[in-house]
Amino acid sequence: FCAILQPKLQPKGYVYFPDSISCIYQCVADLQRRHLISCPEIPEDTKKFYKTQRGFAAKAEGETQQYWIDSARELGLIDVIENGGVRFFRDPMANSLADDIAKERSGYDGRTSSLYHHYDKMSLVRPSDRSVATDHVVLLLHQVRPCRFKNSDRRGGPGSRGRDRALGFPGIACIHCSTKNNFGRYFPVASKSLADNTVNSIMSHIYGCSRCPEAVKASLVYLSHRSILQKVELGGGWKKTYFKMVWDRLHIERAWIKKDANDGGVNIAEESIAEAIKEKGDDESGNESGIGSDMEDMVKAAAAWLTDRDAGNGTTQTVRTR
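Source: prediction; values computed, not measured.

So, about the nonpolar core. Within the largest apolar cluster, 34 residues are counted, with the highest numbers of intra-cluster contacts made by Leu141, Ile172, Ile202, Ile206, Tyr242 and Phe243. Counting residues per element, the ones that place at least two in this core are α4 (97-107), α5 (135-141), β4 (170-174), α7 (191-208), α8 (214-234) and α9 (238-253). In terms of residue count, the dominant contributor to this core is α9 (six residues). Here Ile206 is in contact with Leu140, Gln143, Cys174, His176, Cys212, Lys217 and Leu220, once residues within four sequence places are set aside. Phe149, Leu167, Phe169 and Ala173 belong to the second-largest nonpolar core, a separate cluster that totals six residues.

This next bit is on the packing of aromatic side chains. Within the structure shown, the criterion is met by four aromatic pairs. Taking 5.3 Å as the distance between ring centres and 75 degrees as the angle between the ring planes, the aromatic pair formed by Tyr25 and Trp68 counts as edge-to-face. Taken together, the positions of Tyr25 in helix α1 (residues 24-36) and Trp68 in helix α3 (residues 63-74) put the pair 43 residues apart, joining distant regions of the chain. For Tyr25, a relative accessible area of 17% puts it in the buried group.

So, about the pattern of salt bridges. Taken as a whole, this structure holds nine salt bridges when the rule is applied. One salt bridge connects Asp135 with Arg226, and the closest N-O pair in it is separated by 3.0 Å. On the criterion of sequence distance, the pair formed by Asp135 in helix α5 and Arg226 in helix α8 is long-range, its members being 91 residues apart. The exposure class assigned to Asp135 is buried, which follows from its relative accessible area of 1%. Residue classification places Arg226 among the partly exposed residues on the basis of a relative accessible area of 23%.

Moving on, we get to the pairing of strand β3 (residues 144-148). Within β3, four of the five residues are buried, which leaves the element mostly enclosed by the surrounding structure. The pairing of β3 with β4 spans five bridges and is classified as antiparallel. Of the residues in β4, the one forming a bridge with Cys147 is Gly171.

Procedures and definitions
Residues numbered from 1 in each chain as written. Predicted model: local features only at pLDDT ≥ 70, side-chain atom pairs only at ≥ 80, totals over all residues. Heavy atoms only, no water. Core = buried A, V, L, I, M, F, W, Y, C linked by side-chain atoms within 4.5 Å. Buried < 20%, exposed > 50% of the residue type's maximum accessible area, 1.4 Å probe, protein only. Helix = DSSP H or I, 4+ residues; strand = E, 2+ residues; numbered from the N terminus. Contact = heavy atoms within 4.5 Å. Phe/Tyr/Trp six-rings, centres within 6.5 Å; stacked < 30°, edge-to-face > 60°. Salt bridge = Lys/Arg side-chain N within 4 Å of Asp/Glu carboxyl O. Pairing = 2+ DSSP bridges.

Note that every value here comes from positions in space, so none of it alone points to a role or purpose.
Right under this line is the structure:
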């Protein structure tokens, strides 16, 4: 109301300039306390409505104040380190990733729209997931892709036998940095460990990944607040059920390793096996096709056994490989 007035007519305290996004809440509180109540430009009916809304929320503490910070990042605001203040790191009028996820959720009805029957086979997320998982988990899984265990993934040292897998064992890798190094690659042994441990590891990696765009991190943090309500709507057990589906896509369905009928190239599985054999040594390169076939059978059988065991007792045991 006061912003459209001529500068000499604008009352004192009608505008604030926060030093950082963490100060936005306090600036808004000061604006409410010092200006809105007495502003001569606000219509009386608007003032009356505003007064009726007061008292419904307690003073912002902890999670509430953090929500203001995370919402500011979601809008595209970021701190200016050099001179102080805040700036936009993206176009605030454009949709964020959280906005796109929300539109996908509201637009998918699970029955029609041929648009939703097509998806990237290298993704572990399906359009129908919008109704069985939180927006936060869906966006998080969009930041990973299936991968294969390679010689370079071996860590060695104490406990390596429990961490290492057979060559070609399916896993998931960060899409932003998986081609640059061996960080952000995870190989859970069962759907339970995928849901309980691997997801938390992926989340920590994405938040600290220098190659992950700021817009992705901002939307993930913001959606973590929205997921509190969505978890209640989904009910108990949604996480176990959903990640069992993701596990099956990775180990049983394996749409991500199927050969495209239109290109005559080698499929992803064969390429991965060939790469693993090449790393192991030239002396084994002659048996590439045979080893690839045996590895496929072994990994598929192991995945089926792990899935059956996980469905039966819901416990996680360490798979030892020789």
